[in-house]
There are 2 protein chains.
Amino acid sequence: MSKKIPHRLYLTEDQMPKQWYNLRADMKEQPAPLLNPGTHEPAKVEELYPVFCEKLAQQEMDGTTRYIDIPEEVQDFYKMYRPSPLIRAYNLEKALGTPAKIYYKFEGNNTSGSHKLNSAVAQAYYAKEQGLAGLTTETGAGQWGTALSEACSYYNLPLTVYMVKVSYEQKPFRQSVMRTFDADIIPSPSNTTEVGRMILSKDPATGGSLGCAISEAVEKAVTTPNTRYVLGSVLNQVLLHQSIIGLESKLAMEMLDEYPDIVIGCAGGGSNLGGLIAPFMQDKLSGKANPRIIAVEPASCPSFTRGKYAYDFCDTGKVTPLAKMYTLGSSFMPSANHAGGLRYHGMSPILSKLYHDRYMEAIAVEQTKVFEAAVFFAKQETILPAPESAHAIRGAIDEALRCKETGEAKTILFGLTGTGYFDMTAYNAYLNGTMSDYIPTDADLQKGFDEMPVVKEA
Amino acid sequence: MSKKIPHRLYLTEDQMPKQWYNLRADMKEQPAPLLNPGTHEPAKVEELYPVFCEKLAQQEMDGTTRYIDIPEEVQDFYKMYRPSPLIRAYNLEKALGTPAKIYYKFEGNNTSGSHKLNSAVAQAYYAKEQGLAGLTTETGAGQWGTALSEACSYYNLPLTVYMVKVSYEQKPFRQSVMRTFDADIIPSPSNTTEVGRMILSKDPATGGSLGCAISEAVEKAVTTPNTRYVLGSVLNQVLLHQSIIGLESKLAMEMLDEYPDIVIGCAGGGSNLGGLIAPFMQDKLSGKANPRIIAVEPASCPSFTRGKYAYDFCDTGKVTPLAKMYTLGSSFMPSANHAGGLRYHGMSPILSKLYHDRYMEAIAVEQTKVFEAAVFFAKQETILPAPESAHAIRGAIDEALRCKETGEAKTILFGLTGTGYFDMTAYNAYLNGTMSDYIPTDADLQKGFDEMPVVKEA
């Protein structure tokens, strides 16, 4: 007999993970190393120290330590808003008429409104520990900037956030929240950096991109005494911290005698997806289980499904190390009509490697279909999802509908990364019927590919 | 030895209350009955049926049934977002340097962003059960309208929301959320009702008030076939539904071997306060315990602390029954610079009676002090509170600071009713230093008192 499954399962404080899980330790082949952009030689950890916190640079390079202790101070912070619930989507299942069992891990129950806080607090903690005077970062839709503002405020660390200009203008209240937590917010591109001035001189009307904002934040960090740059996605260290999502999900499912047949996450830079799937991918790599793992990305910024797996810059200004990843080229700018986040040109090197080696799948979905899923979900489950998260909802609904056709009672787990309270402009556009889809042409993408660096791999 | 107290305690689904608690059953004297506005005779339950759902009208009049079963369908809905956590404010305590132990019951972890959903779902359920064609209501800051929109959408019940015009304009995104859940939103006063047209003809530039919006919603309900009016606060039925807050809080504290010396809630119409304190007031009435119970209201709308305890209309248009309560007069309009909710002219008749009989205390606080507490709390506890909720935070911080002076390690419980994501205009005003306080003069209040009805009590 199966256990009675509650709507929401919260682990107790004692059950919360005390270590992060480092997926690289179990990969058959390591993701390709970062390269020095000048020499194209693998970057040494010391080369990262001018940009990153030392402890974070070490985590970035560590492909072998399977479990890494979560510092007690970070655990204490986690206890303020975690564990996050694993929710059985009874009402969604019923509304879809599917035999599938749908679970979601909801990371939106904290003021940053998303999973981003999981890595933000770790990064702010290590920065404080190193005695830094401040941090810089970029933010797109604003989830990461908000999370880092909260974490930095907690540790009394001054923070400068370069916010992609189009989001800055679409989401005025995001700025207010970050200001409440004392962050300094600059719309990017700006004239506060050389790279910003250069980008503006080429295209004064640009709405910016994550790639631009990263360049500015990095420049600001390396030109300000005792200041470092932090990033909310893409990097190995971020996936490490976000593994808490997957670890909690797996433990909660075990308590219910459940195991997912399909794990679904939205994919921008890969922070949530990489964290959610980590322990399930571990099982897959070891042969212990064989769940399907599906990334859902926007059709307007399709790095997995239409990008190239190649070395590229992580930023538009071409100041960062080169990473091998699925990329649309660092000059790629998503259409201004693309709502929400998931607008990064590249993808986590770890996930890129796993996708390349066929351990996971990826699909791209159009935004009107995403918002259709978001509104349907909200009405059934009473949570208004972030547009980013709604990509995963779209994927989960489509899989559940396939189960309806085939009659299979599959167990689906998806990551509901956050809430959409600051995305109402986009919801309005959808409700008013003025939202449109945009799919870049092959010619559009070729421009980005043409600007990618030529790297001879060993 | 004291138990190890976790940061957050969630009850399990099995531990969730299956009955609401009706505080009236334990009151030494009942609150004064509603009066027919024409005859000044006590209203009979049948007189309420044209306006309210029958089941809700019966709950309104029921002063004797101590526990009332929560319908299973409502329990199922509750399980989508409840139980809400009881949180130990370790960081706030540390930042204040107080020996006090501070707990808060956080009701903001649902998309409506507040405790209002607890009564909204009950009211929508009974409306559906009665086979109604639709509902009308009013909303001030928007929490109630959002909650009811969610509940009505779930039960496929059409909903018209009259939203106080000043809030409608200050909070554009609140409307969008309600529209996502299919509600029809009308800024009040409007020309869709006779009473709205009358109010507009007297003062075309008015920002509206809850009293106006109630009049319009009631008129709309009674002039639309098979439609009824529902209200998110003040009424006995609402306090009944909200008792789940207090019941969960008390059970969670018992599990921690704790009992509050002081219980603090914000007070507008009394929905959260009445729900939170219910089981503690039960202990106080029976002599089992003697916690201090403190209502915190805005200095700009001070019904407890400066109002009269008298019969008054519940609305500006004077169409509702008369309720005996602490009131500023149904024509009272809070200053336009008053941010957030808690802008009702009256107060729950139950709480009014208990306050009059000295079972509880009340204080009024100025809004800049409230926002100061809100920002301080957000930085320590990572939750951005609603302005309404921040009144309770202000009260709790002040009590904790008194403990610091006296060295007493009191146990404080307060209600954190919701989140402030839709209140960023007000946060901006505070952060920019443009927020001001407004305290009505005695002459200002006298105008409201002069318009109150003259009622001879038996």
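Above this text sits the structure in question.
Conventions used here
- Residues numbered from 1 in each chain as written.
- Chains lettered and ligands numbered in written order.
- Predicted model: local features only at pLDDT ≥ 70, side-chain atom pairs only at ≥ 80, totals over all residues.
- Heavy atoms only, no water.
- Helix = DSSP H or I, 4+ residues; strand = E, 2+ residues; numbered from the N terminus.
- Rg over C-alpha atoms; globule rule 2.2 N^0.38 Å.
- Contact = heavy atoms within 4.5 Å.
- Areas by Shrake-Rupley, 256 points an atom, 1.4 Å probe, with all protein chains shown as cover.
- Lys, Arg positive; Asp, Glu negative; His and termini not counted.
- Charge placed at Lys NZ, Arg CZ, Asp CG, Glu CD.
- Pairing = 2+ DSSP bridges.
- Axes fitted to C-alpha atoms, helices over the stretch in contact; angles between N-to-C directions.
- Buried area = accessible area lost by both parts, 1.4 Å probe.
- Salt bridge = Lys/Arg side-chain N within 4 Å of Asp/Glu carboxyl O.
- Polar contact = N/O pair within 3.5 Å; in protein donor to acceptor, adjacent residues only side chain to side chain.
- Nonpolar A, V, L, I, M, F, W, Y, C, P; charged D, E, K, R; others polar.
- Buried < 20%, exposed > 50% of the residue type's maximum accessible area, 1.4 Å probe, protein only.
- Right-handed = clockwise from strand over helix to strand, strands pointing away.
- Least-squares fit on C-alpha atoms with pLDDT ≥ 70 in both.
- Phe/Tyr/Trp six-rings, centres within 6.5 Å; stacked < 30°, edge-to-face > 60°.
- Lys NZ or Arg CZ within 6 Å of the ring centre and 35° of its normal.
- 1 Å grid on protein atoms, 1.4 Å probe; cavity = no way out; pocket = protein on both sides within 12 Å on 5 of 7 lines; lining within 4 Å.
- Points joined across faces, edges and corners; volume = space filled by probe spheres on them.
- Parallel < 35°, antiparallel > 145°, perpendicular 65-115°, else oblique.

Q: Is there a simple way to explain the overall build of chain A in this structure?
A: Across its full length, chain A holds 18 helices and 15 strands. For 458 residues, the compact-globule estimate of 2.2 N^0.38 gives 23 Å, and chain A sits close to it at 20 Å. Overall, chain A is about 65 × 50 × 50 Å in size when its C-alpha atoms are taken along their principal axes. The contacts in chain A between residues at least 6 apart in sequence include a share of 76% that link residues at least 24 apart. Accessible surface for chain A amounts to roughly 15,200 Å². Of this, 50% is attributable to carbon and sulfur atoms. Side-chain charges in chain A split into 44 positive and 52 negative, and the spacing between the mean points of these groups amounts to 3 Å.

Q: Help me understand the sheet that holds strand β6 (residues 134-139) of chain B in this model?
A: All names here are of chain B. The 4 strands are arranged β8-β7-β6-β9 in an open sheet whose pairing can be described as parallel. Because the sheet does not close on itself, it has two edges, and the strands there are β8 (184-188) and β9 (227-229). Ignoring strand direction, the axes of neighbouring strands in this sheet form an average angle of 20 degrees. One ladder, built from 5 bridges, connects β6 with strand β7 (residues 159-164); its direction is parallel.

Q: Could you clarify how one ought to interpret the interface of chain A and chain B in this entry?
A: By a widespread convention, an interface's size corresponds to the accessible area lost as its parts come together. Residue-level contacts link 43 residues of chain A with 43 residues of chain B. Interface area for chain A against chain B, summed over the two sides, is near 4,300 Å², with a carbon-plus-sulfur share of 54%. Its largest share of buried area at the contact with chain B, chain A owes to A:M80, A:T382 and A:Y421, together 16% of the area lost on that side. At the junction of chain A and chain B, the tally comes to 4 salt bridges. Of the charged contacts, one joins A:D14 and B:K4 as a salt bridge, the two residues approaching to 3.3 Å between their closest N and O atoms. Where chain A meets chain B, there are 20 residue pairs in polar contact (both at pLDDT 80 or more). At the level of secondary structure, the elements contributing two or more residues to the side of chain A that touches chain B comprise α3 (72-81), α6 (143-154), α8 (172-180), α15 (367-381) and α17 (424-432) of chain A. At 6 residues, the largest contribution of residues to the side of chain A that touches chain B is made by α17(A). Looking at the side of chain A that touches chain B residue by residue, the classes come out as 18 nonpolar, 13 polar and 12 charged.

Q: What am I meant to see in the side chain of B:S330 here?
A: Tracing the backbone through its elements, the reader meets B:S330 in the loop between β13 (322-327) and α14 (349-356). Judged by its relative accessible area of 3%, B:S330 is buried.

Q: Explain unusual backbone geometry here, please?
A: Outside of glycine, negative phi angles account for most residues, and trans bonds account for most peptide bonds. Cis rather than trans, the peptide bond between A:S188 and A:P189 has omega equal to 5 degrees. In this structure, the amide linkage connecting B:R82 to the following residue, B:P83, adopts the cis form with an omega of -5 degrees. As for its placement among the helices and strands, B:P83 is situated in the loop between α3 (72-81) and β4 (86-88). Not every positive phi belongs to a glycine, and B:D182 is a case in point at roughly 70 degrees. Following the sequence through the fold, B:D182 ends up in the loop between α8 (172-180) and β8. The backbone of B:D257 sits at a positive phi, close to 55 degrees, despite the residue not being glycine. Its place among the elements puts B:D257 in the loop between α11 (236-255) and β10 (262-266). Residue classification places B:D257 among the exposed positions, given a relative accessible area of 58%.

Q: Looking at this model, I keep getting lost on the pairing of strand β6 (residues 134-139) of chain A. Mind explaining?
A: Within a regular strand, side chains alternate between the sheet's two faces. Residue and element names in this part refer to chain A. Counted residue by residue, β6 has 6 buried out of 6 residues, so it is predominantly covered. Side chains of β6 alternate between two faces, with G134, T136 and E138 and L135, T137 and T139 buried alike. Taken together, the 3 bridges between β6 and strand β9 (residues 227-229) define a ladder with parallel strand orientation. Counterpart to G134 in the pairing with β9 is T227. This β-α-β element, β6 to α6 to strand β7 (residues 159-164), shows right-handed connectivity.

Q: Is there a simple way to think about the relation of the copies chain A and chain B in this case?
A: One copy of the chain maps onto the other through a rotation about an axis followed by a shift along the same axis. Once chain A is rotated about the relating axis by 180 degrees and shifted along it by 0.0 Å, it coincides with chain B to within an RMSD of 0.0 Å. Taken together, these values place the two copies in the relation of a two-fold axis. Taking the C-alpha atom as reference, chain A places A:N109 closest to the rotation axis, 3.0 Å from it. A share of 100% of the interface residues of chain A reappears at the interface of chain B, consistent with the copies meeting face to face through the same patch.

Q: Just checking my understanding: could you explain the packing of aromatic side chains for this structure?
A: Geometry of an aromatic ring pair is reported as the spacing of the ring centres plus the angle between the planes. Tallying each qualifying case throughout the model produces 41 aromatic pairs over all chains. Ring centres of A:Y10 and B:Y10 lie 3.5 Å apart, and the angle between their planes is 10 degrees; on these two criteria the pair is classed as stacked. Taken together, the positions of A:Y10 in the loop between β1 (8-9) and β2 (19-21) and B:Y10 in the loop between β1 (8-9) and β2 (19-21) put the pair across two chains. Given a relative accessible area of 12%, A:Y10 falls into the buried group. Ring centres 6.1 Å apart and planes at 75 degrees place the aromatic pair A:F77 and A:Y81 in the edge-to-face group. Remark: A:Y81 and A:F77 occur in helix α3; sequence separation between them is 4 residues, near one turn of the helix. What makes A:F77 buried here is its relative accessible area of 0%. The exposure class of A:Y81 is buried, given its relative accessible area of 5%. Feature note: the residues A:F77, A:Y78, A:Y81, A:Y125, A:Y126, A:Y154 and A:Y155 constitute an aromatic cluster, connected by ring pairs. Lying across the ring of A:F449, A:K308 places its NZ or CZ 4.5 Å from the centre.

Q: Hey, could you run me through the layout of surface pockets in this one?
A: Empty space among the atoms becomes visible once a probe the size of a water molecule is rolled across them. Roughly 670 Å³ of volume is contained in the largest pocket. Taken together, 30 residues make up the lining of the largest pocket; nearest its centre are A:Y10, A:T12, B:Y10, B:L11 and B:T12. Looking at the lining of the largest pocket, the elements with two or more residues in it are β1 of chain A together with β1 of chain B. Partitioned by chemical class, the residues of the lining of the largest pocket number 15 nonpolar, 4 polar and 11 charged.

Q: Can you help me understand the sheet that holds strand β14 (residues 361-365) of chain B in this one?
A: The strands making up a sheet are joined through hydrogen bonds of the backbone, oriented either antiparallel or parallel. Residues and elements named next belong to chain B. In spatial order, the strands read β1-β4-β5-β15-β10-β11-β14; together these 7 strands make up an open sheet with mixed pairing. Of all the strands in the sheet, the pair left with one neighbour each is β1 and β14. Pairing geometry for strand β11 (residues 292-298) and β14, over 5 bridges, is parallel. Paired with A295 across the two strands is A362, which belongs to β14.

Q: What is the right way to look at the packing of helix α15 (residues 367-381) of chain B against helix α17 (residues 424-431) of chain B in this model?
A: How two helices pack is summed up by the angle between their axes together with the distance between the axes. All names here are of chain B. Between α15 and α17, whose axes approach to 10 Å, the crossing angle comes to 100 degrees. Taken together, the axis directions place α15 and α17 in an arrangement best described as roughly perpendicular. Judged by residue contacts, T368, F371, E372, A374 and V375 of α15 engage A426, Y427 and Y430 from α17. Tallied by class, the residues present in the contact of α15 with α17 amount to 6 nonpolar, 1 polar and 1 charged.

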